[in-house]
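Structure at a glance
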Amino acid sequence: MMSLQGQKMKAKEMSTIGSFEGFQPVSLKQEGDVQLSETDPLSKEDGDSGKDPVPRQISRQSSVTKSTLFPNPYHQPYISRKYFATRPGAIQTAVEDLKGHIAETSGETIQGFWLLTEIDHWNNEKEKVLLLTDKMLLICKYDFIMLSCVQTQKVPLSAVCRICLGKFTFPGMSLDKRPGEGLRIYWGSPEEQSLMSRWNPWSTEVPYATFTEHPMKYTNENFIEICKLTGFVSKLVPAIQNAHKNSTGPGRRIELMVLTQPILIETYMGLISSIGNRNKLGYSLARGSIGF
């Protein structure tokens, strides 16, 4: 058996382990118990117990990013690029194609071109390119995806008898609506329009055409110029007046009337136009995985 003196020495060695130089007792805490704040007071054990606790300041890195709101949503490139007409070179290609067509068929000089939205007699929106010459107004449906002309309508300027500028209106019992203003060009009397063509949404025998400004008119300065109705009217009215003066046909000495009055669209339910206009089916538009 170990002697009494040996047992005392072993107990002395074990007691010195807890106070060994370089080791200090540490109190452990759960991670969830530690909560730091911007003003976490120091404990009284770390400072003088007779003084007020000094708040601990945690430094934060200042933000280097800036957020800016655009004044007009159409200035955002990812929205305007959905319209193929706004893509680089699309308008220029369309105008060159149509200039070549006019040179081959009539040989007239182009006075100007515009990108507008046509509103048919069923309130459907259709993207159109308009070209003005000395004798006619060319209304073109242009496919900006395939860069090809789909349909053209030639309106002799000498046949235009009336131009109306004003807000859009509908019959009293109509459920259809359209805000904003537009322009309507008459080259015949609406009373002479047949009942069949009036109720046919695909009829091309309507004696007038209605236009409003293209939704991408604020994309850039060039589009502001070619998408505004005021610029189109300022060139159209003098061209029609000159065409009337130079007209040699019998009974063509008519005077152009330019009126400011509401533009009536005779639709009542508007279900088809509501679906089509909401989804922009009349425009060459990027539609993701769904083709145009």
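**Points about helix 3 (residues 90-105)**
- With 16 residues, helix 3 extends 23 Å from end C-alpha to end C-alpha; this agrees with the ideal 22 Å at 1.5 Å per step.
- Here the buried face of helix 3 lies against strand 3 (112-119), strand 4 (125-132), strand 5 (136-143), strand 6 (148-156) and helix 5 (221-227).
- G107 occupies a position one or two residues after helix 3 and carries a positive phi of about 70°.

**A few points about the nonpolar core**
- One finds L137, L157, I163, I185, F211, F232 and L236 to be the most contacted residues of the largest nonpolar core, which totals 23 residues.
- When residues of this core are traced back to their parent elements, those giving at least two are strand 3, strand 4, strand 5, strand 8 (181-186), strand 9 (208-213) and helix 6 (229-245).
- The leading source of residues in this core is helix 6, at eight residues.
- Of all hydrophobic cores here, the second largest spans 19 residues; its members include I91, F144, F223 and C227.

**Focus on the environment of P190**
- Among the structural elements, P190 can be located in the loop between strand 8 and helix 4 (195-198).
- Classification of P190 as buried rests on a relative accessible area of 18%.
- Considering only alpha carbons, one finds P190 and V206, 16 residues apart in sequence, at a separation of 7.7 Å.

**Section: the side chain of K217**
- In this fold, K217 is placed in the loop between strand 9 and helix 5.
- The class for K217 is buried, based on a relative accessible area of 17%.
- If near-sequence neighbours (up to four positions away) are discounted, K217 is found in contact with F223, I224, C227 and K228.

**Description of the packing of aromatic side chains**
- In total, this model carries five aromatic pairs according to the counting rule given.
- Plain terms: the ring middles of W114 and F232 are 5.0 Å apart, the flat faces sit at 65° to each other, and that makes the pair edge-to-face. Of this pair, W114 sits in strand 3 while F232 sits in helix 6, and the two are 118 residues apart along the sequence. Each member of the pair W114 and F232 is classed as buried.
- Ring centres of Y186 and Y208 lie 5.7 Å apart, and the angle between their planes is 50°; on these two criteria the pair is classed as tilted. A residue pair is termed long-range when its members are at least 10 positions apart, and Y186 in strand 8 and Y208 in strand 9 qualify at 22 residues. Assigned by exposure class, Y186 and Y208 land together as buried.
- Here the basic side chain of R178 rests over the ring of F168, its NZ or CZ set 5.9 Å away from the ring centre.

**Concerning a nonpolar patch on the surface**
- Side chains of M173, L175, L195, W199, Y268 and M269 sit close together on the surface and give an oily, nonpolar patch of about 780 Å² of accessible area.
- The topology assignment puts L175 in the loop between strand 7 (162-169) and strand 8.
- By relative accessible area, L175 is classed as exposed at 61%.

Conventions and cut-offs
Residues numbered from 1 in each chain as written. Predicted model: local features only at pLDDT ≥ 70, side-chain atom pairs only at ≥ 80, totals over all residues. Heavy atoms only, no water. Helix = DSSP H or I, 4+ residues; strand = E, 2+ residues; numbered from the N terminus. Expected span 1.5 Å × (residues − 1). Contact = heavy atoms within 4.5 Å. Core = buried A, V, L, I, M, F, W, Y, C linked by side-chain atoms within 4.5 Å. Buried < 20%, exposed > 50% of the residue type's maximum accessible area, 1.4 Å probe, protein only. Phe/Tyr/Trp six-rings, centres within 6.5 Å; stacked < 30°, edge-to-face > 60°. Lys NZ or Arg CZ within 6 Å of the ring centre and 35° of its normal. Patch = residues over 30% accessible without salt bridge, like charges linked within 9 Å, V, L, I, M, F, W, Y side chains within 5 Å. Areas by Shrake-Rupley, 256 points an atom, 1.4 Å probe, with all protein chains shown as cover. Salt bridge = Lys/Arg side-chain N within 4 Å of Asp/Glu carboxyl O.

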